[in-house]
Amino acid sequence: MAAANYHSSEDQFLCSICLDVFTDPVTTPCGHNFCKHCITEHWNTSDQNQCPMCKEVFKTKPELHVNTFISEMVVQFRQSAQQKASSSEQQVAKPGEVPCDVCTGTKLKALKSCLVCLASYCETHLTASLRKKHQLIDPVENLEGMLCTKHDKPLKLFCKTDQTCVCMLCSVLDHKMHKFVPLKEEYEGKKAELEKTEAEIPQMIQKRRLKIQEIKHSVNLSEEDADREKAEGVQVFTALKESVERRLNELIKTIEEKQKTTKKQAEDVIRELEQEISDLMKRSTEVKQLSLSEDHIHLLQSFQSLNIHHPSPTKDWTKVSVPPASYDRNVVKALVQMEETLSEEMKKLVEAELKRIQKYEVDVTLDPDTANPQLILSDDLKQVHHCNARKNLPDNPERFSFCNCVLAEQSFSSGRFYFEVQVKGKTEWDLGVARESINRKGDITLSPQNGYWAIWLTNGNEYKALDVILPLKSQPQKVGVFVDYEEGLVSFYDVEVPALIYSFTGCSFTEKLFPYFSPEYNDGGENAAPLIITPVRGRDV
């Protein structure tokens, strides 16, 4: 017999007075069934003979006889239930399962635990009275934990104030004036929260898995960038090393050839001098021998052949010299050539670097709410120039009230971004990025301490950063600005050369950064040209 059928059959054989299976069932004239003892005691203690179920009153106490049909059905039912309980191996409590507290000998598996009795019951010992009157829950161990440790009463309420389970006495004594809800209500609320959390956890897990993939992808990109940088570094420095070695070999060869030429020249002069010395020594010997001769005729005849008055011709060596070779400019020339080579390599590197960072281009537009009243912005918010007339604009907190400055509408608090600005035709300008909290109402000093990372042009040809003059070889016509927020880097590029103008490194950004622009005063028309935000590789306007 199935469990559901068992419970259904049991309900049919329950006495509504004792709430247990019939014992000697009898039927009243109104058709309701009771235990003979239960209905007799009920009438004996009552003023009238009334049916407990339908409330029908009988003038005389009915004569009751045992309903043999129902009695036989009850007997069969009891036997069937006992046989099922005794023969079912599945009801024996296994390790980890809650056993019945009533069973003796072999403990059967508990079907329910009672919060009133603080005991657990198997299917056999779970009486109808327990089912109807007691508070049953799914079987649990440690039912003592369901009691208040202070008052030894069942925990039936949840104190919202102290976030703890309490008994009825706690609610009127220790937790007086607190807010309470039934345990079941709080249980259902917390269970709903757990179910919601349980439903959210897979999404949270998925988000974190996606973040792991994102980080791994970032690491892969970083490794690719590192490999590319290493390859380029090896290529460049190998080329430089080879160029240095080549220049060094050429320098040594030039010096050695010059020294060889000088040495050969000296050797030729020395050889000629030694020849003349040899000739003169030979003549000296002849003259000496003749001067010692006592033979008058021999001396006179030999004297004529020696030609004393016309000696053999010799060179005038007073003006002959072999000066040491000069090597003073050789090393300098080699270094100049190396500098030119290095400059070319630097140009190639900057050009490659510029192409890489230009992919971080962002669309930047000027913010009218920050513009000084003497600045004129174009309709597309891409150009700004200064005029002498001061417009009547509200002095909102974001607006520069004294300096001719304006910020972009866009802000950045992470990642990398890049934009280009045309500065052609101007004699003065400021350009860079600024943090959100900068002072906009007085004179400003462009420095990282004050929240500005900028470079500027002054006096038509003097470029500065942090009041340091930048030695530029050419005047930039278009300036690129690149920011790596996490790396703490702000770099400025001459886009058309290309060349690196200046870099702020090791910066610590903690706020939003805004692109910053200042066309400065128009200087009577000398500096009237606008600053123009241009697209990457766009044509000058």
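Conventions we followed
Residues numbered from 1 in each chain as written. Predicted model: local features only at pLDDT ≥ 70, side-chain atom pairs only at ≥ 80, totals over all residues. Heavy atoms only, no water. Buried < 20%, exposed > 50% of the residue type's maximum accessible area, 1.4 Å probe, protein only. Helix = DSSP H or I, 4+ residues; strand = E, 2+ residues; numbered from the N terminus. Arc of directions from axis to C-beta. Contact = heavy atoms within 4.5 Å. 1 Å grid on protein atoms, 1.4 Å probe; cavity = no way out; pocket = protein on both sides within 12 Å on 5 of 7 lines; lining within 4 Å. Points joined across faces, edges and corners; volume = space filled by probe spheres on them. Pairing = 2+ DSSP bridges. Axes fitted to C-alpha atoms, helices over the stretch in contact; angles between N-to-C directions. Phe/Tyr/Trp six-rings, centres within 6.5 Å; stacked < 30°, edge-to-face > 60°. Patch = residues over 30% accessible without salt bridge, like charges linked within 9 Å, V, L, I, M, F, W, Y side chains within 5 Å. Areas by Shrake-Rupley, 256 points an atom, 1.4 Å probe, with all protein chains shown as cover. Salt bridge = Lys/Arg side-chain N within 4 Å of Asp/Glu carboxyl O. Core = buried A, V, L, I, M, F, W, Y, C linked by side-chain atoms within 4.5 Å. Polar contact = N/O pair within 3.5 Å; in protein donor to acceptor, adjacent residues only side chain to side chain.

(A) Geometry of helix H2 (residues 36-44). Turning to H2, its buried residues number three or more, namely Cys38, Ile39 and Trp43. Take H2 and look down its axis: the buried residues cluster within an arc of 125°, on one side only. Buried residues in H2 make contact with strand S1 (25-27), strand S2 (33-35), strand S3 (49-50) and strand S4 (57-58).

(B) Here's a closer look at the layout of surface pockets. As a volume, the largest pocket reaches approximately 720 Å³. What lines the largest pocket is a set of 24 residues, and nearest its centre among them are Asp225, Tyr360, Arg416, Phe482 and Asp484. If you list the elements that add at least two residues to the lining of the largest pocket, you get helix H6 (183-291), helix H8 (328-357), strand S19 (478-484), strand S20 (489-494) and strand S21 (499-504). In terms of residue count, the dominant contributor to the lining of the largest pocket is H6 (10 residues).

(C) Geometry of the sheet that holds strand S8 (residues 157-159). Pairing in this open sheet of three strands is antiparallel, and the strands run S9-S8-S10 from one edge to the other. Two strands bound the open sheet, and with one partner strand each, they are strand S9 (164-166) and strand S10 (180-182). Across the sheet, the mean angle from the axis of one strand to that of its neighbour is 35°, orientation sign disregarded. Note that S8 and S9 share three bridges and pair antiparallel. Paired with phenylalanine 158 across the two strands is cysteine 165, which belongs to S9. H6 rests against S8, S9 and S10 of the sheet, and its axis sits at about 85° to S10.

(D) Quick peek at the packing of aromatic side chains. What the rule picks out here adds up to 10 aromatic pairs. Between tyrosine 452 and tyrosine 516, the ring centres sit 5.3 Å apart and the planes meet at 70°, which makes this aromatic pair edge-to-face. Here tyrosine 452 is found in strand S16 (residues 452-458), whereas its partner tyrosine 516 is found in strand S22 (residues 513-518), with 64 residues between them in sequence. A relative accessible area of 2% places tyrosine 452 in the buried class. An angle of 45° between the planes, with centres 5.4 Å apart, marks the rings of tyrosine 485 and phenylalanine 509 as tilted. With a gap of 24 residues between them, tyrosine 485 in the loop between S19 and S20 and phenylalanine 509 in the loop between S21 and S22 connect regions that are remote in the sequence. This pair shows no difference in class: tyrosine 485 is buried, exactly as phenylalanine 509 is. Joined through ring pairs, the aromatic side chains of Trp453, Tyr485 and Phe509 make up one cluster.

(E) How the structure looks around the sheet that holds S22. Spatial ordering of the open sheet is given by S13-S22-S15-S16-S17-S18, a layout of six strands whose pairing is antiparallel. Edge positions in the sheet fall to strand S13 (406-407) and strand S18 (468-469), since each has one partner strand and no second. Note: strand S17 (residues 462-465) against S18, two bridges, orientation antiparallel. Considered in S18, the bridge of lysine 464 is made with isoleucine 469.

(F) Fine view of a nonpolar patch on the surface. Nonpolar side chains collect at one region of the surface, where Leu169, Val172 and Leu173 lie side by side and expose about 260 Å² of accessible area between them. Positionally, valine 172 belongs in helix H5 (residues 168-172).

(G) The arrangement of the nonpolar core in detail. The biggest cluster of nonpolar side chains holds 37 residues, and the ones touching the most others in it are Trp429 and Phe517. By size, the runner-up hydrophobic cluster in this structure holds 17 residues, among which are Cys38, Trp43, Cys51 and Phe58.

(H) Here's a closer look at the pattern of salt bridges. On inspection of all chains with the given rule, the structure shows 16 salt bridges. A salt bridge links glutamate 229 to arginine 356, with the shortest nitrogen-to-oxygen separation between them at 2.7 Å. With glutamate 229 in helix H6 and arginine 356 in helix H8, this residue pair connects regions lying 127 residues apart in the sequence. Among the residues examined, arginine 356 registers a relative accessible area of 22% and is labelled partly exposed. The residue aspartate 268 makes a salt bridge to arginine 271 at a minimum N-O spacing of 2.4 Å. Here arginine 271 and aspartate 268 lie together in helix H6, a separation of three residues that amounts to about one turn. Among the ionic contacts, a cluster of salt bridges with common partners joins Lys160, Glu186 and Lys190.

(I) Fine view of the side chain of asparagine 527. By the element assignment, asparagine 527 lies in the loop between S22 and strand S23 (531-534). Classification of asparagine 527 by relative accessible area gives buried; the value is 1%. Side-chain polar atoms of asparagine 527 contact the backbone nitrogen of threonine 427, separated by 2.9 Å. A distance of 2.9 Å separates a polar side-chain atom of asparagine 527 from the backbone oxygen of tyrosine 521. If near-sequence neighbours (up to four positions away) are discounted, asparagine 527 is found in contact with Lys426, Thr427, Glu428, Pro519, Glu520, Tyr521 and Asn522.

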